[in-house]
Amino acid sequence: MSHPIVSLSRVTRRFADVTAVDELSLEIRPAETVALLGPNGAGKTTALEVMLGLERPNAGRMSVFGGSPAEAIARGRVGAMLQEGDLPPGAKVAELVELVRGLYPTPPALADALRLGDVEKIADRRVERLSGGQRQRVRLAVALAGGPELLVLDEPTAAMDVAARRSFWSAAGGYVSDGRSLLFATHRLEEAEEVADRVVVMANGRIVADGPPNDVKALARGRGAVSFRANGTPIEILQRLAAVEEVELAHGRITLRTGDPERTVRALLEAAPHVAGLEVSAPRLEDAFLTLTREEESR
């Protein structure tokens, strides 16, 4: 197995009386696409900032490409796009990417950097005239300007619409498709499942699950969904059915999120024997996510 490019061992970061990251141990290996998944306040951003040398841990050991984050970044081996930060007004896209390229020892050609960020068509536009999705793609191009082996993104699509998100992930995914690594923090379950080949779930500064998306979903332990065509059965009755945790109504169908689909189906057929279009679904990543984070919060 290849050596990790990022290694954290029992890393802790505190802010006054708040422990943002609590004895975090994590390794990222070459050619991995890893989603750091968790609710707001889980410690995702702090974990990334520690890896990038922007926050100093109170305890634990860490290395990035075998040395310090500052050394790896100076050599152009790490590129990052954080939540905070904006583009300087007045600058053209190509000028900005070219400026950042000049900071690194072996950057890709300007044309390649623009292509990788999918900003070739807007290269001559000033950044203040760009849409939100275009600005995020420019920020991605800036992060790629040094030709990094590891790309780190923090909630990169938080304010994007569906089309902009697809364009962004197409560009980011294309960049790491030939053996580079991608680590991104997100609270979007669908992004973690669609983009990553490994999902690390965080809650209260700790890792509560780590593995391929299907393995993490399996941790839902029998949870799933029971759905059927809405037939006028009162929501209050459905909420009281055995093992039901949540009731959703959308597009003429009722969906029951349940901790035990078999018990829920039996109770449903007793309460409403004439349901139509009955479907039972396997656990989703969302079910595992809720299970894991609730268990951690209850400790």
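Look a little higher up for the structure.
Residues numbered from 1 in each chain as written. Predicted model: local features only at pLDDT ≥ 70, side-chain atom pairs only at ≥ 80, totals over all residues. Heavy atoms only, no water.

Our next topic: the overall build of the protein chain. Broken down by element type, the protein chain carries 11 helices and 13 strands. Within the protein chain, buried positions represent 47% of all 299 residues. In the protein chain, the share of contacts with a sequence separation of at least 24, taken over all contacts with a separation of at least 6, comes to 68%. Split by element, the accessible area of the protein chain, about 14600 Å² in all, is 48% carbon and sulfur. Taking the average place of the 37 positive charges on the side chains of the protein chain and the average place of its 42 negative ones, the gap between the two points comes to 1 Å. (Helix = DSSP H or I, 4+ residues; strand = E, 2+ residues; numbered from the N terminus. Buried < 20%, exposed > 50% of the residue type's maximum accessible area, 1.4 Å probe, protein only. Contact = heavy atoms within 4.5 Å. Areas by Shrake-Rupley, 256 points an atom, 1.4 Å probe, with all protein chains shown as cover. Lys, Arg positive; Asp, Glu negative; His and termini not counted. Charge placed at Lys NZ, Arg CZ, Asp CG, Glu CD.)

Attention shifts here to the sheet that holds strand S9 (residues 206–211). Spatial strand order, S5-S6-S7-S3-S8-S9: 6 strands in an open sheet with mixed pairing. Edge positions in the sheet fall to strand S5 (78–81) and S9, since each of these pairs with one other strand and no more. When strand polarity is set aside, the average angle formed by the axes of neighbouring strands in this sheet is 15°. Strand direction decides the pairing type here: strand S8 (residues 198–203) and S9, joined by 5 bridges, are antiparallel. Bridging from a neighbouring strand, Val201 pairs with Ala209 of S9. In this fold helix H1 (residues 44–51) packs onto strand S3 (33–37), strand S6 (150–154), strand S7 (181–186) and S8, with an angle of close to 145° to the strand it touches most, S7. (Pairing = 2+ DSSP bridges. Axes fitted to C-alpha atoms, helices over the stretch in contact; angles between N-to-C directions.)

Among the 6 residues of S7, 6 are classified as buried, and the element is accordingly described as predominantly covered. Alternating residues of S7 divide into Ser181, Leu183 and Ala185 and Leu182, Phe184 and Thr186, and every residue in both groups is buried. Sheet analysis places S3 next to S7, joined by 5 bridges and oriented parallel. Looking at S7, one finds that Thr33 is bridged to Leu182. Sheet topology note: the S6/S7 ladder contains 5 bridges and is parallel. Paired with Leu151 across the strands is Leu182, a residue of S7.

Once that is clear, we can look at the sheet that holds strand S2 (residues 18–28). Strand order across the open sheet formed by 3 strands is S2-S1-S4, with antiparallel pairing between neighbours. Taken across any chain shown, the strands that pair with only one partner, and hence form the sheet edges, are S2 and strand S4 (59–64). The mean angle between the axes of side-by-side strands here comes to 25°, regardless of whether they run parallel or antiparallel. Relative to S2, strand S1 (residues 6–15) runs antiparallel, the two being bridged by 7 bridges.

Here the structure, examined in full by the defined rule, presents 16 salt bridges. Between Asp178 and Arg180 there is a salt bridge whose closest N-O contact spans 2.8 Å. A salt bridge links Glu190 to Arg188; the nearest nitrogen and oxygen atoms lie 3.6 Å apart. Relative accessible area serves as the criterion here: at 36%, Glu190 is assigned to the partly exposed category. On the basis of relative accessible area, Arg188 is assigned to the buried category, the value being 16%. (Salt bridge = Lys/Arg side-chain N within 4 Å of Asp/Glu carboxyl O.)

Bear in mind that shape data such as this cannot, by itself, settle questions of function.
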